[in-house]
Amino acid sequence: MGAPYIQPRQGSISHPLRIAVLISGGGSGLLALLNHQHSKPTTHITKLIISDNENAKGLQYGDDFQISTIAINLPQSHDRVQKRILHENIIHERLIESNIELIVLNGYMRILTPEFVKKWKGRLINIHPSLLPKYPGANAQRDALEDGATITGCTVHLVDEGVDTGKILAQSEVPILQTDTIEILQNRIKEKEHLLYPKVLDDYCAHQSIQR
Ligand code: GRF
């Protein structure tokens, strides 16, 4: 559906793909990725961290790992559509300036417009805290609990023009216990996310079939 996915070039240890990580909050997924990239030679390297919120705790990891960070707040405008477009245009410019080859959404809480997605499709990847297509949207853990599900999980997928509808690359299951609160479940899912996402990136960047 929509524009085709265009995969980035094949990354290698000697010439890793240049990644930008987009966050909005705590950045535990970002930290897991940075630790992974520092634990061994990888086919990708984080060159830029962008947050849509200048108070995002995750921005501190940029300082810790000496990676450029930018907070890009939503610009002032009464027109909501115009605001989103302006915001994404600034992000796009920063990505191009830094020669970014792959965007990794890692707890980025804004929905990107189809116009932005088209420019990066195949080079734009996301992790979602459910087994898609179940429980898309911003409240996946709450929705799974309210549904009485006993299993949920996380999904790494390419981003398309829809919301959490892009091509699925890999999933990991997580049990739901009767005593779970949203927070407990969120944390259990994050543990799996922190293992799955870096591995999927290793394979996707190396043009290898995805191993779980
Ligand atoms: C993760 O659960 C991710 O799946 C979702 O947002 C959460 C981000 O957490 N999109 P953190 O900011 O990485 O701690």
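Engineer: Honestly, the nonpolar core in this entry has me stumped. Any pointers?
Structural biologist: Side chains of nonpolar character tend, in soluble globular proteins, to be buried together. Membership of the largest hydrophobic core comes to 35 residues, with the highest contact counts inside it found for Leu-102, Val-104, Ile-125 and Val-156. Top element by residues in this core is helix 6 (residues 182-205). It accounts for eight residues. If we ignore the near neighbours within four places in the chain, the residues touching Val-104 are Ile-19, Ala-20, Val-21, Leu-22, Leu-33, Ile-125, Tyr-197 and Leu-201.

Engineer: What is the right way to look at the packing of aromatic side chains in this model?
Structural biologist: One pair of aromatic rings is described through two measures. These are the centre distance and the angle between the planes. The full count for this structure, using the stated rule, is zero aromatic pairs. For Lys-121, the ring lying beneath its charged end belongs to Tyr-5, and the centroid distance is 4.9 Å.

Engineer: What should I look at first to understand the site of the ligand in this one?
Structural biologist: The full set of residues close to the ligand is Gly-26, Gly-27, Ser-28, Gly-29, Gly-107, Ile-127, Pro-129, Lys-190 and Glu-193. Contacts to the ligand include Ser-28, whose side-chain N or O atom sits 2.6 Å from an oxygen atom. A distance of 3.5 Å is found between a nitrogen atom of the ligand and a backbone nitrogen or oxygen belonging to Ile-127. Contact with the protein chains covers 87% of the free accessible surface of the ligand, which is 370 Å². In a pocket analysis with a 2 Å cut-off to the grid points, the ligand is assigned to the largest pocket. Contributing elements (two or more residues each) for the shell around the ligand: helix 1 (28-39) and helix 6. A class-by-class count of the residues in the shell around the ligand yields two nonpolar, five polar and two charged.

How each quantity is defined
Residues numbered from 1 in each chain as written. Predicted model: local features only at pLDDT ≥ 70, side-chain atom pairs only at ≥ 80, totals over all residues. Heavy atoms only, no water. Core = buried A, V, L, I, M, F, W, Y, C linked by side-chain atoms within 4.5 Å. Buried < 20%, exposed > 50% of the residue type's maximum accessible area, 1.4 Å probe, protein only. Helix = DSSP H or I, 4+ residues; strand = E, 2+ residues; numbered from the N terminus. Contact = heavy atoms within 4.5 Å. Phe/Tyr/Trp six-rings, centres within 6.5 Å; stacked < 30°, edge-to-face > 60°. Lys NZ or Arg CZ within 6 Å of the ring centre and 35° of its normal. Near = heavy atom within 4 Å. Polar contact = N/O pair within 3.5 Å; in protein donor to acceptor, adjacent residues only side chain to side chain. Areas by Shrake-Rupley, 256 points an atom, 1.4 Å probe, with all protein chains shown as cover. 1 Å grid on protein atoms, 1.4 Å probe; cavity = no way out; pocket = protein on both sides within 12 Å on 5 of 7 lines; lining within 4 Å. Sits in = over half its atoms within 2 Å of the grid points. Nonpolar A, V, L, I, M, F, W, Y, C, P; charged D, E, K, R; others polar.

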